[in-house]
Amino acid sequence: MSGHSKWHNIQKTKGAADAKRSQIFTKIAREMIVAVKTGGSGDPANNSRLAAVIAKAKAANMPNDNIKRTIDKALGAGNTDNFESVVYEGYGPNGVAIIVDALTDNRNRTAPEVRHLLDKYGKGLGATGCVSWSFDKKGVIVLDSEDLDEDTVMMDALECGADDMQADDEVFEIYTDPDAFNDVVAALEGKGYTFLEASVQMVPQNYVKLTSEEDIKNMEKLLEFLEDNDDVQNVYHNWEQD
């Protein structure tokens, strides 16, 4: 299947994520609070956005107590957190497409920070829609393939409502329609599967290789600094890392 998420791209950020687990949990908690407030419910059965964030939290090994505490906080009358979702699009070195998802309580802080990083390490911030046309929104579920049979996983995934599956390195990547994501996650969990990754993502339709050492270093710095930004939730790109 073209445009798959390429686990080795995710895996390189996973090591950093493990070292910054508290920051990852903080970002997921922020996303959870927004999901509760916008969905008007702390029950994932009645709030599809919250259900998707909980799936992401579980895949990141966020403790159940943290999840419950965050939902309770969001439902509390005294909660004044007021974040809005903002998407920035631009270009990295050699025209690599970049999409930055942010949750911010101050656009006047976030926008200049994202612009500065794209200007310094890439080709700059672009207009809305400048690169998103080359990505597809998909549910992405990643399983460790060790001790799993590919044909069985494929059969189970399709039976659970997935669109496709890709075997890549040491994992299986399962793809769903975004609207079917929560149902597929629940069905696979019901079959006993656990996930390395489970979220709705922007998956590139094609990938760009970087051959210049300077471009590679700048791209690595760009991703590192964007992911370190407290307001940035997700960074999607079409750089094909070796």
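Overview of the structure. (Residues numbered from 1 in each chain as written. Predicted model: local features only at pLDDT ≥ 70, side-chain atom pairs only at ≥ 80, totals over all residues. Heavy atoms only, no water.)

1. Re the sheet that holds strand β5 (residues 164-168)
Right, so step 1: The strand order across the open sheet formed by 4 strands is β5-β6-β4-β7, and the pairing between neighbours is antiparallel. Whereas interior strands pair on both sides, the edge strands pair on one side only; in this sheet they are β5 and β7 (197-204). On average, each strand axis in the sheet is tilted by 35° relative to the strand beside it, whichever way the strands run.
Right, so step 2: As paired strands, β5 and strand β6 (residues 171-176) are joined by 5 bridges and run antiparallel to one another. (Pairing = 2+ DSSP bridges. Helix = DSSP H or I, 4+ residues; strand = E, 2+ residues; numbered from the N terminus. Axes fitted to C-alpha atoms, helices over the stretch in contact; angles between N-to-C directions.)

2. Let's talk about the sheet that holds strand β1 (residues 84-91)
Right, so step 1: Pairing is antiparallel in the open sheet, where 4 strands are placed in the order β3-β1-β2-β8. Of all strands in the sheet, those bounded by a partner on one side alone are β3 (124-125) and β8 (232-237).
Right, so step 2: Summarising the sheet, strand β2 (residues 97-104) and β8 pair through 5 bridges and their orientation is antiparallel. Along β8, the bridge assignment pairs Ile-99 with Tyr-236.
Right, so step 3: Contacts from helix α2 (residues 21-39) reach β2 and β8, with the element oriented near 105° to β8. (Contact = heavy atoms within 4.5 Å.)

3. Quick look at the pattern of salt bridges
Right, so step 1: Within the structure shown, the criterion is met by 8 salt bridges.
Right, so step 2: A salt bridge links Arg-109 to Asp-231, with the nearest nitrogen and oxygen atoms 2.9 Å apart. Here Asp-231 lies in the loop between α8 (213-228) and β8 and Arg-109 lies in helix α5 (residues 107-121), a separation of 122 residues in the sequence.
Right, so step 3: Looking at Asp-231, the relative accessible area reads 4%, which means it is buried.
Right, so step 4: When the shortest N-O distance is used, the salt bridge between Glu-159 and Lys-191 registers 3.0 Å. In this pair, Glu-159 is assigned in helix α6 (residues 150-159) and Lys-191 in the loop between α7 (181-190) and β7, connecting sequence segments 32 residues apart. (Salt bridge = Lys/Arg side-chain N within 4 Å of Asp/Glu carboxyl O. Buried < 20%, exposed > 50% of the residue type's maximum accessible area, 1.4 Å probe, protein only.)

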